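Notes for the structure review
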Protein chains: 2
Amino acid sequence: MDKRDLRDLHVLVEHVGPLAAGAHIFREGEPFNALAAVRAGTVKTWRVDRDGREQVLGFHLPGEVIGLSAIDGERYPCNADALEPVQLCRFSFTKVATLATRVPGLQRELFRLLSRDIAHAERLAADRPAEARLAAFLLDLSARLSRGNPATGHLRLAMPRADIANYLRLAPETVSRLFRRFRDDSLLRVRGREVEITDRRRLEAFAEEPPGHRAGS
Amino acid sequence: MDKRDLRDLHVLVEHVGPLAAGAHIFREGEPFNALAAVRAGTVKTWRVDRDGREQVLGFHLPGEVIGLSAIDGERYPCNADALEPVQLCRFSFTKVATLATRVPGLQRELFRLLSRDIAHAERLAADRPAEARLAAFLLDLSARLSRGNPATGHLRLAMPRADIANYLRLAPETVSRLFRRFRDDSLLRVRGREVEITDRRRLEAFAEEPPGHRAGS
DNA sequence: CGATAGGTTGACGGTTCTCAAGGGAGGTGG
DNA sequence: CCACCTCCCTTGAGAACCGTCAACCTATCG
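A brief look at the structure comes next. Only a predicted model underlies this, so the values are computations on that prediction, with no experimental measurement involved. (Residues numbered from 1 in each chain as written. Chains lettered and ligands numbered in written order. Predicted model: local features only at pLDDT ≥ 70, side-chain atom pairs only at ≥ 80, totals over all residues. Heavy atoms only, no water.)

1. Quick look at the sheet that holds strand β11 (residues 194-197) of chain B
Residue and element names in this part refer to chain B. Within the open sheet, the three strands sit side by side as β9-β11-β10. Their pairing is antiparallel. A single partner strand is all that each edge strand has here, and the edge strands are β9 (154-156) and β10 (188-191). Sheet twist, expressed as the mean angle between neighbouring strand axes with direction ignored, is 15°. Relative to β10, helix α6 (residues 172-184) is tilted by about 130°, and along the sheet it contacts β10 and β11. (Pairing = 2+ DSSP bridges. Helix = DSSP H or I, 4+ residues; strand = E, 2+ residues; numbered from the N terminus. Axes fitted to C-alpha atoms, helices over the stretch in contact; angles between N-to-C directions. Contact = heavy atoms within 4.5 Å.)

Below, the structure written as structure tokens:
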């Protein structure tokens, strides 16, 4: 991707926001016209399955792209909400795709983003105990928040416990009990949505724990 | 995509097989050089997670493409085995990608295939009771085997129960008991790997069942 | 016929869910 | 400044779903 291509890409970008916490970014079924990259804040994507129950698909931090899974159809397959004040860049997808036919590096980047989402969903589908899920979630969040820099171990969760639980396919009560257990084992320091990872090594051990005695699926 | 493009695509195709049941098509970590489309037979994709346990990611029937999730990196992220005698078409991915920069329709098709895999993995990650998982699995398989034609309701499962169970994140015993229950409720007729769906309507009702009283995740 | 792989069935226990009630924390109005 | 409300989170008790362990059965094959 040379300078001219970068300029072409830049022209497609439309800055959006700040959007207030709780704002709808797009909704399931809306015509798919744009990808978006998060510039600030946290975005939650979710869907309602046939029984009418909300299902959280992911949380998106600054630097991450949302709306990719819409590329298949003409409509968004999920909803996206702002969990806190959010700023976005929007790209017209058809224009990006057209540009990608001229710029192999851009096409490759789009493929990379899509297959990263596949890997993400496959990890979510893995069969692991509740404590491993929460531990992995916190470590993943910590790594993504620091974006390459050495992770500080301090997190400010943008989402309520219920969203974490839903995302991890657990009951909110289970998440609460796990936070308590991790704190009692002095893996974390927790006060509301402020979390500090105090023993990363042992938290990683929990995250890799095998299914062991499972009850649920 | 016009005729010349079709011819260009055709040149990239290499017919492979028949491969015997149990044959390895590619293995995790191998350099990623080709996509493959299944022409006959059934392919299982799977991975070993850090605890050394096998995790089945999917089953691929004639007409379906495997290896897509490798597009991200330079290496296959999973293994692919033949469950029964299999015939394939292999495409050099780099050549397909290069061609895709000239043929927007092909690029769009690749995006479509990738985002379909995202949707698949998200469905797998959904939190539903064991009976809903198995019911949905059988209905999905039935639909994919008939490829548009009216589904006959008759299935010949290419995979052992253990693979079905692993794919659905259940214990093999649970799958066995569910087959028995579905048969006792006369939703299915089952004899080994021969399955006939005798009451599609009620099977669909089971497939959409809400989590209800769950125990596991 | 014995061996092996795959499938079934039963008993039991565990992880996690549901149901229910009880504490903050933050905002608004008096 | 205090009362009050509303979320959000926590904690407890009991039950449920499903996994593990173990045994047995069946079919295929040499």
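Now that the structure is up, let's keep going.
2. Observations concerning the packing of helix α2 (residues 93-102) of chain B against helix α3 (residues 104-125) of chain B
All names here are of chain B. Relative to each other, α2 and α3 sit at 125°, their axes nearing to 5 Å. Judged on the interaxial angle alone, α3 and α2 are oblique. Along its contact with α2, which presents V96, L99, A100 and R102, the element α3 presents P104, L106, Q107 and L110. (Parallel < 35°, antiparallel > 145°, perpendicular 65-115°, else oblique.)

3. Quick look at the nonpolar core
V43(A), I66(A), V43(B) and L88(B) are the most contacted members of the largest nonpolar core, which has 73 residues in total. Not counting residues up to four positions away in its chain, the partners in contact with V43(A) are I25(A), V38(A), G58(A), F59(A), H60(A), I66(A), A80(A), D81(A), V86(A) and L88(A). Grouped together as the second largest cluster of nonpolar side chains are 68 residues, L178(A), L124(B), M159(B) and L168(B) included. (Core = buried A, V, L, I, M, F, W, Y, C linked by side-chain atoms within 4.5 Å. Buried < 20%, exposed > 50% of the residue type's maximum accessible area, 1.4 Å probe, protein only.)

4. Things to note about the packing of helix α4 (residues 130-146) of chain B against helix α7 (residues 200-207) of chain B
Residue and element names in this part refer to chain B. Between α4 and α7, the least distance of the axes is 7 Å, while the angle of their chain directions is 130°. Relative to α7, the element α4 is oriented oblique. Classified by chirality, the crossing of α7 by α4 is left-handed. Contacts between α4 and α7 involve E131, A132, A135, A136, L138, L139 and S142 on the former and, on the latter, R200, L203, E204, F206 and A207. Grouping the amino acids of the contact of α4 with α7 by side-chain chemistry returns eight nonpolar, one polar and three charged. (Left-handed = near helix turned anticlockwise from the far one by under 90°. Nonpolar A, V, L, I, M, F, W, Y, C, P; charged D, E, K, R; others polar.)

Coordinates in, geometry out; function isn't part of it.
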